[in-house]
Amino acid sequence: MAPTADVMFPTDIRSMRNPDLVEEYYSPGLRNRFRLDGLRLAEGKNTRPQYADISYEVDEDKYHARTKARLQAGGLETEVPEDWPTKLEGPLVWDQSTFKDESEYIYYLTNEDKEEINQALASFKDQGLNGEAITKATFPLPQLGRHLDQICQDVYHGRGFAIVRGLDPEAYSLEDLTLVYLGVSSYIAERRGKQDQRGSMLLHVIKRNETDDQYGEDKPFHTDTVTDTLCLFTRSLAVEGGQSILASSWTVYNELAATRPDLIHVLAKPDWPFDTFSRDPPYYRRALLYNYDNKILMSFGRRLLVGHPPSDPRSAGIPGLTEAQAEALDAVHFIGKKYEIKTTMEKGDMRFLNNMAVLHRREAFRNDGDSYRHLIRLWLHNEKECWRLPRCLRVAWARVFEDEERTSYWDLEPPKKDGIIMRVAGSCD
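The paragraphs below set out a description of the structure included in this document. (Residues numbered from 1 in each chain as written. Predicted model: local features only at pLDDT ≥ 70, side-chain atom pairs only at ≥ 80, totals over all residues. Heavy atoms only, no water.)

A look at the nonpolar core
Then, number 1: Counting residues in each nonpolar core, the largest one holds 118 residues, and the members touching the most others are I117 and W272.
Then, number 2: The element contributing the most residues to this core is helix α9 (residues 323–339), with nine residues.
Then, number 3: If sequence neighbours within four positions are ignored, I117 has contacts with L109, F139, L141, L144, L167, Y172, V180 and V184. (Core = buried A, V, L, I, M, F, W, Y, C linked by side-chain atoms within 4.5 Å. Buried < 20%, exposed > 50% of the residue type's maximum accessible area, 1.4 Å probe, protein only. Helix = DSSP H or I, 4+ residues; strand = E, 2+ residues; numbered from the N terminus. Contact = heavy atoms within 4.5 Å.)

Quick look at the environment of N118
Then, number 1: In this fold, N118 is placed in helix α3 (residues 111–126).
Then, number 2: Placed 62 residues apart in sequence, N118 and V180 show a C-alpha to C-alpha distance of 8.2 Å.

Looking at the pattern of salt bridges
Then, number 1: Taken as a whole and assessed by the stated rule, the structure comprises 30 salt bridges.
Then, number 2: The residue D224 makes a salt bridge to R377 at a minimum N-O spacing of 3.2 Å. Pair noted here: D224 is in the loop between β4 (203–206) and β5 (229–236) and R377 is in strand β16 (residues 374–381), with a separation of 153 residues, a long-range link.
Then, number 3: Residue D224 is classed as buried on the basis of its relative accessible area of 2%.
Then, number 4: A salt bridge links R260 to E327; the nearest nitrogen and oxygen atoms lie 2.6 Å apart. Placement of the pair is R260 in the loop between α6 (249–259) and α7 (261–268) and E327 in helix α9, with a sequence separation of 67 residues.
Then, number 5: In this structure E327 comes out as buried when scored by relative accessible area, which is 1%.
Then, number 6: Beyond isolated ion pairs, a larger network of salt bridges with shared partners links E102, R165, E346, D349 and R351. (Salt bridge = Lys/Arg side-chain N within 4 Å of Asp/Glu carboxyl O.)

Things to note about the packing of helix α2 (residues 60–73) against α9
Then, number 1: In contact at an axis separation of 10 Å, α2 and α9 are set at 125 degrees when each is read in the N-to-C sense. When the axis of α2 is compared with that of α9, the two are oblique. α9 is crossed by α2, and the crossing has left-handed handedness. When α2 is examined against α9, the residues E60, Y63, R66, T67 and R70 are found in contact with a partner set consisting of E323, A324, A326, E327, D330, A331 and F334.
Then, number 2: Among the residues making up the contact of α2 with α9, the classes are represented as five nonpolar, one polar and six charged. (Axes fitted to C-alpha atoms, helices over the stretch in contact; angles between N-to-C directions. Parallel < 35°, antiparallel > 145°, perpendicular 65-115°, else oblique. Left-handed = near helix turned anticlockwise from the far one by under 90°. Nonpolar A, V, L, I, M, F, W, Y, C, P; charged D, E, K, R; others polar.)

Considering helix α4 (residues 144–157)
Then, number 1: The first and last C-alpha atoms of α4 sit 20 Å apart over 14 residues, in line with the 20 Å expected at 1.5 Å per residue.
Then, number 2: Listed in full, the buried residues belonging to α4 are L144, G145, L148, I151, C152, D154, V155 and Y156. (Expected span 1.5 Å × (residues − 1).)

Notes on the pairing of strand β7 (residues 244–248)
Then, number 1: Most of β7 sits inside the fold, with five of its five residues counted as buried.
Then, number 2: Going residue by residue along β7, you find S244, L246 and S248 tucked away on one face and I245 and A247 tucked away on the opposite face as well.
Then, number 3: Sheet topology places β7 next to strand β12 (residues 341–343); three bridges connect them, and they run antiparallel. Bridging from a neighbouring strand, L246 pairs with I341 of β12. (Pairing = 2+ DSSP bridges.)

Written as structure tokens, this is what we have:
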């Protein structure tokens, strides 16, 4: 039986082997396992569609103009897709008025918790294991672990996010600090994923140099695309700004269902062109929004859909977004902003997000001398608690969490070449 075509490629992959493309997006094992070489997508020939004028930075004027034009043109869907919910309910539906204060989603480590962490660190080091071997079993936290187990439930089946606060990065060597946040995070999800083609297991969210001005602006809402839990460890803070901002995609969905159900149709159609940035195949298509196993999942990185110059311009010769897709993408951002919460950040914070349902962005920031924003990003998978995924997302998850054909790299510090920080974390792979 042919595989379900909920992720498609521009033509038979076997005929796309391009010697000028250095790397293949999918390893041979994954292509064989998921029979990806048999998936085809017939693109129109002898036509050059007019694509929407949209960029990584969100332009509110263009968004309102596009919305006005599409509404005036008419012919839009007036109901959500068949068998899709008209309204979502539960703890994942929230906005800034839901939480009385931060104590509802921050767990503050006690002195006893910190001592238990230190004992677990000593125990792990006594076992003589490599850092990759950290699990709940090898990093025992008998008392704190019960609180972390509840946080795991909050992330996967509750509000969708939590912060663990109180670690002091200065209290540990770099190697020990890495073991500590790997050990604590293993109680949320034990499996860690490769976050780029190279196989980086730890990615550093940091400004590379003084001319890297992309951090001087607020960033749009997105998910990290390929992980069920996103973990961000705060190693240091900017002198100003850089706060983490969250929004529930379930709250966004409810507003779309009530006011613009046509955009749910657009988001759920498996024809969004994701750029692989000079890998092979050059792009693939799938949906951004899914109704699967009685849950609504949202998965997208804006960079893969529109590019992010100057470091990641949209690859030449691949499809862009339609006017409808451009409006839907910006609508998610602006509705998210309407209901967002801005969480405080402290050095040593561990932030856990349900990446299948919680959108995130960050505000602009300014570094100054030794006060600079530096986060460590982990992509985590909990085999037991992860939501059931549609086939196209299972392929994506397998590429990140199960592909043993790619090497793993554990960069405790940002990798450098000739003293210059090399490429660091983007919004997704």
